[in-house]
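Residue strings, one per chain:
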Amino acid sequence: MASVDECRQALQELAARLDRNAETVRERIDLDRTLACRITDLETAFHGRITGGRLVELADGDDPKAKIALSASSDDLLALVRGDLDVTSAVTSRRVSIKANPFDLLKLRKLL
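Residues numbered from 1 in each chain as written. Predicted model: local features only at pLDDT ≥ 70, side-chain atom pairs only at ≥ 80, totals over all residues. Heavy atoms only, no water.

A word on the sheet that holds strand E2 (residues 44-51). Strand-to-strand pairing in sheets goes through backbone hydrogen bonds, with the strands running parallel or antiparallel. Pairing is mixed in the open sheet, where 5 strands are placed in the order E3-E2-E1-E4-E5. Every other strand in the sheet has two partners, leaving strand E3 (54-60) and strand E5 (96-99) as the edge strands with one partner each. Taking each pair of neighbouring strands and ignoring which way they run, the sheet shows an average axis angle of 20°. Bridge count between strand E1 (residues 32-39) and E2: 8 bridges; the pairing is antiparallel. Bridge pairing in E2 links Ala-36 to His-47. (Pairing = 2+ DSSP bridges. Helix = DSSP H or I, 4+ residues; strand = E, 2+ residues; numbered from the N terminus. Axes fitted to C-alpha atoms, helices over the stretch in contact; angles between N-to-C directions.)

Now for the nonpolar core. Ranked by size, the top nonpolar core spans 28 residues in total, and within it Cys-7, Ile-50, Leu-55, Leu-77 and Val-96 carry the most contacts. In terms of residue count, helix H1 (residues 4-25) provides more of this core than any other element does, 6 residues in total. Here Val-96 is in contact with Leu-70, Ser-71, Ala-72, Asp-76, Leu-80, Ala-90 and Val-91, once residues within four sequence places are set aside. (Core = buried A, V, L, I, M, F, W, Y, C linked by side-chain atoms within 4.5 Å. Buried < 20%, exposed > 50% of the residue type's maximum accessible area, 1.4 Å probe, protein only. Contact = heavy atoms within 4.5 Å.)

A word on the pattern of salt bridges. Throughout the structure, instances matching the rule amount to 8 salt bridges. The residue Arg-8 makes a salt bridge to Asp-5 at a minimum N-O spacing of 2.5 Å. A residue pair is termed a helical-turn pair when its members lie 3 or 4 positions apart in one helix, as Arg-8 and Asp-5 do in helix H1 at 3 residues. Its relative accessible area of 23% is what places Arg-8 among the partly exposed residues. When the shortest N-O distance is used, the salt bridge between Asp-19 and Arg-54 registers 2.4 Å. Taken as a pair, Asp-19 in helix H1 and Arg-54 in strand E3 lie far apart in primary sequence, 35 residues in all. (Salt bridge = Lys/Arg side-chain N within 4 Å of Asp/Glu carboxyl O.)

Right, let's get into the side chain of Ser-74. Following the sequence through the fold, Ser-74 ends up in helix H2 (residues 74-82). Ser-74 gets classed as buried once you look at its relative accessible area, which sits at 0%. With near-sequence residues (within four places) excluded, Ser-74 lies in contact with Met-1, Ala-2, Cys-7, Ile-39, Asp-41 and Leu-42.

Let's shift gears to the pairing of E3. Where E2 and E3 come together, 5 bridges link them in antiparallel fashion. The partner of Ile-50 across the bridge, within E3, is Leu-55. A loop of 2 residues connects E2 with E3, the two strands running antiparallel in sequence, and Gly-52 in this loop sits at a positive phi of about 55°.

What follows is about a negative patch on the surface. On the surface, a cluster of negative charge is contributed by Glu-6, Asp-41, Glu-43 and Asp-75. Examined against the element boundaries, Asp-75 turns out to sit in helix H2. (Patch = residues over 30% accessible without salt bridge, like charges linked within 9 Å, V, L, I, M, F, W, Y side chains within 5 Å. Areas by Shrake-Rupley, 256 points an atom, 1.4 Å probe, with all protein chains shown as cover. Lys, Arg positive; Asp, Glu negative; His and termini not counted. Charge placed at Lys NZ, Arg CZ, Asp CG, Glu CD.)

Moving on: the environment of Asp-60. Structurally, Asp-60 is set in strand E3. Sequence separation between Asp-60 and Arg-95 is 35 residues, and the spatial gap between their C-alpha atoms is 22 Å. If sequence neighbours within four positions are ignored, Asp-60 has contacts with Arg-8, Ala-45, Phe-46 and His-47. Within polar-contact distance, the side chain of Asp-60 engages the side chain of Arg-8 at 2.8 Å. (Polar contact = N/O pair within 3.5 Å; in protein donor to acceptor, adjacent residues only side chain to side chain.)

Now the structure itself:
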């Protein structure tokens, strides 16, 4: 099981990667949504906003009103961010749960 700090670091790494790729995806992906990332085995959460192909305003704590909610174990979150776990197969196998509008899911998949 990964720690809260490792999960925070993984999300910061994801934010940095999205920031580096933002210029190439901004025109293709019109997505401005709040995001909650719930870590099930640590009973903790993080929240932020996806806008312009970037993950910004990343902070500790849940956002119950987030338009996109991702729930995963700490190890699965780290595997997703590292690219060791495919988002589609993770959702299909129920290792990861993403609650969002179907159109937002398609856009989000392109970002990841």
